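Examining the three-dimensional arrangement
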Amino acid sequence: MELESILLPGIEDKRPMIISGPCSAETEEQVMETATKLAGNGLKIFRAGVWKPRTKPGGFEGVGTPALKWLQKVRKETGMYVATEVATEKHVYESLKYGMDMLWIGARTTANPFAVQEIADTLKGVDIPVLIKNPVNPDLELWIGAIERLYNAGLKKLGVIHRGFSTNDKTVYRNIPQWHIPIELKRRYPDLPIICDPSHIGGKRSMVKTISQQAMDLNYYGLIIESHRNPDDAWSDSAQQVSPDALEEILRELVIREKVQSTEDLSDLREQIDELDNEILQVLSKRMRVSREIGLYKLEHDMPVLQTGRYDHILNDRAEQGENMQMSGNFVKQVLEAIHSESVRQQFDVMEKNKK
Ligand code: PEP
Ligand code: MN
């Protein structure tokens, strides 16, 4: 992929590139006041959602085209560049008509190849930076597919936004970061700038600073942070938005570490290891939860804990599967034996505790 820089004229090529503004454009006053404060604090790129994809109907779905006029006004009166989210052909036409400087594709849209293709077809021949958010589901290939659709339509000023992935597990995040996914994307496309969206990852304003710092320590190029003149009154994503002044403080306190090539590469890999180990533990704990449920079932139905036939079969099957996944069959067997033995222990434990 031969990419061109997403930098807009006059903006310094310096980490982090910052995009900020409200989740949604709500009213002209809210947009103008937020933008004026951000511009006063030195920010250069303003974001606002004009069409909002909501989980259920009935919520605030955005003002639509009239809000693009407010963004145009922001551009004219503050000198900031303006960016918005597009999900359909109509959104693209309207955004271009009203002079948006940058577009992004939302996480729900990236997950839909038809929608991405429609946007790509509509943008054919247009020279505009486009940022592609990760799909809601942790599917790197789907994310790459969206990037390719735009690239194949001739768009060269491409970047990505890492906004975390949805999960049913209870975590401190709104969308779990799964850092290894964007890191793998960066490994495959080193020239693709990655922008972190700590607002949608954390879901709470108290987490924005830490996640932003983590992104900077992972060498991300930029940050897109939701801000609002009065976050508590926001019509969408209220809990995660910060005031322009809080944003200023977050940015002031960010530590941008110098890039030292060799150790930096290593630290990216180590971060990946930590993240993966963490995931392995989470999966194991889920696995043990199921084992305990099985233990209870067996207790209620007077079944023995160990059913040797099934276990032998599983072990051999998985060892073969492991070999197909570039691991030694023996290693896979050892791991599974250890898991199985802990699983048996957990079943005994739950049976012991629930014996009448
Ligand atoms: C947004 O940026 O406000 C938004 C809708 O984000 P996402 O697509 O990441 O959910
Ligand atoms: Mn939002």
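The structure we're discussing is the one just above.
Residues numbered from 1 in each chain as written. Chains lettered and ligands numbered in written order. Predicted model: local features only at pLDDT ≥ 70, side-chain atom pairs only at ≥ 80, totals over all residues. Heavy atoms only, no water.

Things to note about the side chain of T110
On the secondary structure map, T110 appears in helix α4 (residues 107-110). Judged by its relative accessible area of 1%, T110 falls in the buried class. A polar contact of 2.8 Å, which involves the side chain of T110, links it to the backbone oxygen of K133. Among residues more than four places away in sequence, those in contact with T110 are I105, V116, I132, K133, N134, P135, L142, W143 and A146. (Helix = DSSP H or I, 4+ residues; strand = E, 2+ residues; numbered from the N terminus. Buried < 20%, exposed > 50% of the residue type's maximum accessible area, 1.4 Å probe, protein only. Polar contact = N/O pair within 3.5 Å; in protein donor to acceptor, adjacent residues only side chain to side chain. Contact = heavy atoms within 4.5 Å.)

With respect to the state of the cysteines
Two cysteines form a disulfide when their sulfur atoms are joined by a covalent bond. Tallied over the entire structure, the rule returns zero disulfides. C23 provides the cysteine sulfur closest to C196, a residue in no disulfide bond, and the two sulfurs are 16 Å apart. (Disulfide = S-S within 2.5 Å.)

Quick notes on the site of ligand 1
Around ligand 1 lies a shell formed by C23, R47, K52, E85, W104, G106, A107, R108, K133, R163, H200 and E226. In this structure, R108 approaches ligand 1 through a side-chain N or O atom, which is 2.9 Å from an oxygen atom. For ligand 1, an oxygen atom lies 2.8 Å from a polar atom in the side chain of K133. Protein contacts shield 97% of the accessible area of ligand 1, which totals 290 Å² for the unbound molecule. Class assignment for the residues of the shell around ligand 1 results in three nonpolar, two polar and seven charged. (Near = heavy atom within 4 Å. Areas by Shrake-Rupley, 256 points an atom, 1.4 Å probe, with all protein chains shown as cover. Nonpolar A, V, L, I, M, F, W, Y, C, P; charged D, E, K, R; others polar.)

Description of the pairing of strand β8 (residues 222-226)
Most of β8 is tucked away, with five of its five residues classed as buried. The side-chain alternation of β8 yields two buried faces, one formed by G222, I224 and E226 and the other by L223 and I225. Strand direction decides the pairing type here: strand β1 (residues 17-21) and β8, joined by five bridges, are parallel. If you follow I19 over to β8, its bridge partner there is I224. Pairing of strand β7 (residues 194-196) with β8 involves two bridges; the strand directions are parallel. In the sheet register, I195 faces β8, and the bridge partner there is G222. (Pairing = 2+ DSSP bridges.)

Concerning the coordination of the manganese ion (ligand 2)
Within the protein, C23 (SG), H200 (NE2), E226 (OE) and D237 (OD) serve as the donor atoms for the manganese ion (ligand 2), at 2.1 to 2.4 Å. Read from N- to C-terminus, the donor residues coordinating the manganese ion (ligand 2) fall into the pattern C-x176-H-x25-E-x10-D. Pair noted here: H200 is in helix α8 (residues 198-202) and D237 is in the loop between β8 and α10 (244-253), with a separation of 37 residues, a long-range link. Exposure remark for H200: the relative accessible area of 8% places this residue in the buried category. Overall, the relative accessible area of 17% leaves D237 in the buried class. (Donors = N, O, S within 2.8 Å, 3.2 Å for Na, K, Ca; no water.)

Considering the layout of surface pockets
Approximately 1,100 Å³ is the volume attributed to the largest pocket. Looking at the largest pocket, it is lined by 42 residues, and the ones nearest its centre are K14, R15, P16, Y220 and Y221. Breaking the lining of the largest pocket down by element, the ones donating at least two residues are β1, α7 (180-188) and α11 (261-300). Looking at the lining of the largest pocket, the element that brings in the most residues is α11, giving six residues. For the lining of the largest pocket, the class distribution of residues is 20 nonpolar, seven polar and 15 charged. Approximately 780 Å³ is the volume attributed to the second largest pocket. Secondary structure elements with two or more residues in the lining of the second largest pocket: α11, α12 (308-324) and α13 (329-354). Top element by residues in the lining of the second largest pocket is α13. It accounts for nine residues. (1 Å grid on protein atoms, 1.4 Å probe; cavity = no way out; pocket = protein on both sides within 12 Å on 5 of 7 lines; lining within 4 Å. Points joined across faces, edges and corners; volume = space filled by probe spheres on them.)

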